[in-house]
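A look at the structure
Chain by chain, the residues run as shown.
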Amino acid sequence: MRWRILPFKRYFDFQGRSRRMEFWMFQLLNLCVAILVVGSAIALAPTASDGNLYSGDGAFEASGGFESNLADSPMSMLLFGLYGIYVLAAVIPSIAVTIRRFHDRDMSGWWYLGFIVASLIPLLGLIAGIALIVIMFLPGTSGSNRFGPDPKDPYDEKVFG
C-alpha cells in the first residue's frame, strides 16, 4: 500500500525521480477506485420499471433505460460525485509521478507535455499513447542522473529527502 499512496505524499513534488513501482501502483490504485466506485454506482442504480429493457418488438425501450435510471438514484449520483472529487484530487499527483518517471529515464518533464499535445492529433495520438506506455515500462537509468539519485539505491539517504 505504501507505493500506492506515495504520489499523494509527494503531491506537488515535480523534482527528483520515481520508480516504476511507484508509478504503476498508483495507476493500479486509480483503476481499483474507479472500478469500485463506478461499479457500485451502476449496481445501485434502479432497473427499468418492468425489469427488462427489451420491449419485445425487437427494440430496446428508450424511456426507463440505463441512462435515465442512473440519474434517478441519489446514491449513484453521490458515488459519481465522490469519484469526481477523487479524480480532481489525483490529477496533480498523477502528473507529478509521470514527470518524475520521465526524470528516472533521464528525460525532461517537458516530454510529457509533448505527449499530451501529440495525443490531440488523431493517428499520432495513438502512437504517442503507446510510446508513453512503453517509456513508463522501461527501467530508469542506473545511478545518479541530472535529476537526482537512483531511487532503487537503498543506501543513498537523499532518495526521498
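The notes below deal with the structure included here. (Residues numbered from 1 in each chain as written. Predicted model: local features only at pLDDT ≥ 70, side-chain atom pairs only at ≥ 80, totals over all residues. Heavy atoms only, no water.)

**Some points on the pattern of salt bridges**
Quick reminder of the rule: By definition, a salt bridge exists where a carboxyl oxygen of Asp or Glu is found within 4 Å of a side-chain nitrogen of Lys or Arg. In this description a helix means any DSSP run of H or I spanning at least four residues, a strand means any run of E spanning at least two, and both kinds are numbered starting from the N terminus. Per-residue accessibility, obtained with a 1.4 Å probe over protein chains only, is compared with the maximum for each type, and a residue is labelled buried under 20%, exposed over 50%, and partly exposed between these values.
Evaluated as defined, the whole model comprises seven salt bridges. One salt bridge connects Arg100 with Glu22, and the closest N-O pair in it is separated by 2.8 Å. Of this pair, Arg100 sits in helix 4 (residues 74–104) while Glu22 sits in helix 2 (residues 20–44), and the two are 78 residues apart along the sequence. Of the two residues, Arg100 and Glu22, neither departs from the other in class, the shared state being buried. Salt bridges sharing partners connect three or more residues here, namely Arg10, Asp13, Glu22 and Arg100.

**So, helix 4**
Worth spelling out the cut-off: Any helix carries an expected span of 1.5 Å times its number of residues minus one. Two axes enter the definition of the bend at a residue: one is fitted to the seven residues ending there, the other to the seven starting there, and the bend is the angle between them.
Over its 31 residues, helix 4 extends 44 Å from the first C-alpha to the last, a length consistent with the 45 Å expected when each residue adds 1.5 Å. Roughly 35° is the biggest bend found in helix 4, and it falls at Ala90, with proline Pro93 one to four residues downstream.

**Details of a nonpolar patch on the surface**
Going by this rule: Patches here are clusters of residues that have more than 30% relative accessible area and form no salt bridge, with a 9 Å joining cutoff for like charges and a 5 Å cutoff for nonpolar side chains (Val, Leu, Ile, Met, Phe, Trp, Tyr). Only the protein chains shown count as cover for residues, and the accessible areas themselves come from Shrake-Rupley with a 1.4 Å probe.
Residues Ile121, Leu123, Leu124, Leu126, Ile127, Ile130, Val134 and Leu138 make up a contiguous nonpolar surface patch of about 730 Å² in total accessible area. Relative to the elements of secondary structure, Leu126 occurs in helix 6 (residues 122–137). With a relative accessible area of 54%, Leu126 lands in the exposed category.

**Quick word on the nonpolar core**
Basically, it comes down to this: Among the buried residues, those of types Ala, Val, Leu, Ile, Met, Phe, Trp, Tyr and Cys that are joined through side-chain atoms within 4.5 Å form a nonpolar core. Contacts are assigned to residue pairs with any non-hydrogen atoms lying within 4.5 Å of each other.
If you look at the biggest cluster of nonpolar residues, it comprises 19 residues, and the most contacted ones within it are Phe102 and Ile135. Taken together, the elements giving at least two residues each to this core come down to helix 2, helix 4, helix 5 (110–118) and helix 6. Those residues in contact with Ile135 that lie beyond four places of it in its chain are Arg101, Phe102, Arg105, Met107 and Phe115.

**Notes on helix 6**
End to end, helix 6 covers 24 Å across 16 residues, agreeing with the expected 22 Å (1.5 Å per residue, within 8%). Close packing links the buried residues of helix 6 with helix 2, helix 4 and helix 5.

**Here we look at the packing of aromatic side chains**
What counts here: Within 6.5 Å between ring centres, the rings of Phe, Tyr and Trp (the latter by its six-membered ring) count as paired, and their orientation is classed by plane angle as stacked under 30 degrees, edge-to-face over 60, tilted in between.
Enumeration over the complete set of coordinates arrives at eight aromatic pairs. Between the aromatic rings of Trp111 and Phe115, the centroid separation amounts to 6.5 Å while the plane-to-plane angle is 40°, which identifies the pairing as tilted. Taken together, the positions of Trp111 and Phe115, both in helix 5 and four residues apart, correspond to about one turn of that helix. By relative accessible area, Trp111 is classed as partly exposed at 48%.

Remember, this is a structural readout, not a statement about activity or role.
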